[in-house]
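# Examining the three-dimensional arrangement
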Amino acid sequence: MPRSVGELVELLDLEQIEDNLFRGGQPDTAVQRVFGGQVAAHALIAAHRTVDASYAVHSLHSYFLRPGDPRVPIIYDVEDIREGRSFATRRVMARQHGKPIYYQTLNFQVAEDGFEHQDAMPTVPAPDDCPSLAEALGAPGGRSEEWEREWAALDARMVGDSTGRVSVVEDAGRPARSQLWIRISGTLPDDPLVHLASFTYASDLTLLASTLVPHGVPLMGPQVQAASLDHTIWFHRPFRADEWWLYDQHAPFAGGGRGLALGRIFTQDGTLVATVAQEGLIRRVG
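Being a predicted model, the structure only gives us computed values, none of them experimental.

Helix-helix packing is described using two parameters, namely the angle between the two axes and the distance between the axes. Between helix H2 (residues 36-48) and helix H5 (residues 192-203), the least distance of the axes is 7 Å, while the angle of their chain directions is 155°. As far as their axial angle goes, H5 and H2 are roughly antiparallel. The two elements H2 and H5 meet at a crossing, and its hand is right-handed. Residue-level contacts link Gly37, Gln38, Ala40, Ala41, Leu44, Ile45 and His48 of H2 to Leu193, Leu196, Ala197, Thr200 and Tyr201 of H5. Here the contact of H2 with H5 is built from residues that sort into eight nonpolar, four polar and no charged.

Right, here's the structure in full:
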């Protein structure tokens, strides 16, 4: 996985093979399958490169179909579904070894004014007052070999969760809630697409883990077979992925070997900039 902002930007860049056809490279990684956030970010970039600059993406909806092979590139095939005066739609198929591994549908909109309101941002401590995610998970000195090898391009700070790890997130009606501050660990280029893609990449890292908070089981532990099944993002307002954003996560349901997680994304000034939803496999092992 990218270990610096430079490696992340390089990973997110795509090679154009033909009209509406792109190829994405792979990072140096020890994991056995491609990280879902990487595929989602690549598909977003591929689709974005096929629409006029007057459109901005406002939502993406996706399904993970097969595990990605981290040893070979991924091909992204963009289908032009619709291009109207206000909205445009694209569908992206990611494939490897001749088979689809992921589908993403995106909607784009020409900017316009309208009614406005938003949820209030929860009251939380500042990022500098929160431990690193690695430290919260028990890594000595807040550092872990796996985090440094695979996720060092991200700076994640644990605010707390429903069980009181670090601090208690008070919400009696929601037994599975978790909050983190996250940012890209370095300065990204000013290109808004790079920030959208970097956020999309990071949005898949912690969301599914919130479904296991009340069960006291780590997502990557031996007791759980875990995998993202689908991933949806609604982009509300532009923001910088290299500045702190609060990931306010909760899981309203788990059952049948699956968990559903929702996340609200706030910038430090309290602006709600995105909403994320994901359902994933959380199958009990043993």
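Still to come is the rest of the account.
This part covers H2. Counted at 1.5 Å a residue, the expected span for H2 with its 13 residues is 18 Å, and the 18 Å between its end C-alpha atoms agrees. Regarding H2, the residues found buried are Gly36, Gly37, Gln38, Val39, Ala40, Ala41, His42, Ala43, Leu44, Ile45, Ala46 and Ala47.

Summed over the entire model, instances satisfying the criterion amount to 20 salt bridges. Here Asp161 ties to Arg165 by a salt bridge, and the two come within 3.2 Å at their closest N and O atoms. Using a relative accessible area of 2% as the deciding quantity, one classes Asp161 as buried. In this structure, the salt-bridge partner of Arg240 is Asp242, at a minimum N-O distance of 2.9 Å. In this structure Arg240 comes out as partly exposed when scored by relative accessible area, which is 26%. A network of salt bridges, in which partner residues are shared, links Asp119, Asp171, Arg174, Arg177, Asp248 and Arg264.

The next subject is the pairing of strand E8 (residues 177-184). The buried count for E8 comes to seven of eight residues, which makes it a mostly enclosed element. Examined bridge by bridge, E8 and strand E10 (residues 245-255) share six bridges and lie antiparallel to one another. Bridge pairing in E10 links Arg177 to His250.

So, about the sheet that holds strand E6 (residues 99-110). In space, the twelve strands of this open sheet follow the order E1-E2-E4-E5-E6-E3-E9-E12-E11-E10-E8-E7, with antiparallel pairing throughout. Lying at the two open borders of the sheet, with one neighbouring strand each, are strand E1 (14-18) and strand E7 (154-161). Taking the axes of each pair of neighbouring strands and ignoring which way they run, one obtains an average angle of 25° across the sheet. The sheet contact formed by strand E4 (residues 74-83) and strand E5 (residues 87-96) spans eight bridges and is antiparallel. Note that in E5 the partner of Glu83 across the bridge is Ala88.

Moving on, we come to the UniProt feature "domain: Acyl-CoA thioesterase 2 C-terminal" (unreviewed entry) in the chain. Per the UniProt annotation, the sites labelled "domain: Acyl-CoA thioesterase 2 C-terminal" (unreviewed entry) are residues 177-281. For the annotated span residues 177-281, helix accounts for 11% and strand for 49% of the residues, and the straight-line distance between the end C-alpha atoms is 18 Å.

We now examine unusual backbone geometry. We note that Asn20 has phi near 65°; this positive angle belongs to a residue other than glycine. Relative to the elements of secondary structure, Asn20 occurs in the loop between E1 and strand E2 (21-24).

Moving on, we get to the packing of aromatic side chains. Two aromatic rings are characterised by how far apart their centres lie and by the angle between their planes. Per the counting criterion, the structure on display carries six aromatic pairs. A ring pair is formed by Phe35 and Tyr201, whose centres lie 5.0 Å apart and whose planes are at 80°; its orientation type is edge-to-face. Here Phe35, found in the loop between E2 and H2, pairs with Tyr201, found in helix H5; they are 166 residues apart in sequence, far enough to count as distant. Owing to a relative accessible area of 10%, Phe35 belongs among the buried residues under this scheme.

This part takes up a nonpolar patch on the surface. On the surface, Tyr63, Leu65 and Tyr103 cluster together into a nonpolar patch covering about 310 Å² of accessible area. Topologically, Tyr63 is positioned in strand E3 (residues 55-64).

Here we come to the nonpolar core. With 63 residues, the main nonpolar core has Tyr76, Phe199, Tyr201 and Trp245 as its most contacted residues. Among the elements that take part in this core, H2 stands out by supplying eight residues, more than any other. Val124, Cys130, Trp181 and Leu246 belong to the second largest nonpolar core, which has eight residues in total.

A few words now on the packing of helix H1 (residues 5-12) against H5. Taken N-terminus to C-terminus, the directions of H1 and H5 make an angle of 100°; their axes are 11 Å apart at the nearest point. By the criterion of interaxial angle, the relationship of H1 to H5 is roughly perpendicular. Only Val194, Ala197, Ser198 and Tyr201 of H5 make contact with H1, whose side of the interface consists of Leu8, Val9, Leu11 and Leu12. Split by residue class, the contact of H1 with H5 holds seven nonpolar, one polar and no charged.

Analysis parameters
- Residues numbered from 1 in each chain as written.
- Predicted model: local features only at pLDDT ≥ 70, side-chain atom pairs only at ≥ 80, totals over all residues.
- Heavy atoms only, no water.
- Axes fitted to C-alpha atoms, helices over the stretch in contact; angles between N-to-C directions.
- Helix = DSSP H or I, 4+ residues; strand = E, 2+ residues; numbered from the N terminus.
- Parallel < 35°, antiparallel > 145°, perpendicular 65-115°, else oblique.
- Left-handed = near helix turned anticlockwise from the far one by under 90°.
- Contact = heavy atoms within 4.5 Å.
- Nonpolar A, V, L, I, M, F, W, Y, C, P; charged D, E, K, R; others polar.
- Expected span 1.5 Å × (residues − 1).
- Buried < 20%, exposed > 50% of the residue type's maximum accessible area, 1.4 Å probe, protein only.
- Salt bridge = Lys/Arg side-chain N within 4 Å of Asp/Glu carboxyl O.
- Pairing = 2+ DSSP bridges.
- UniProt positions renumbered as here; feature names shortened; annotations may be inferred.
- Phe/Tyr/Trp six-rings, centres within 6.5 Å; stacked < 30°, edge-to-face > 60°.
- Patch = residues over 30% accessible without salt bridge, like charges linked within 9 Å, V, L, I, M, F, W, Y side chains within 5 Å.
- Areas by Shrake-Rupley, 256 points an atom, 1.4 Å probe, with all protein chains shown as cover.
- Core = buried A, V, L, I, M, F, W, Y, C linked by side-chain atoms within 4.5 Å.

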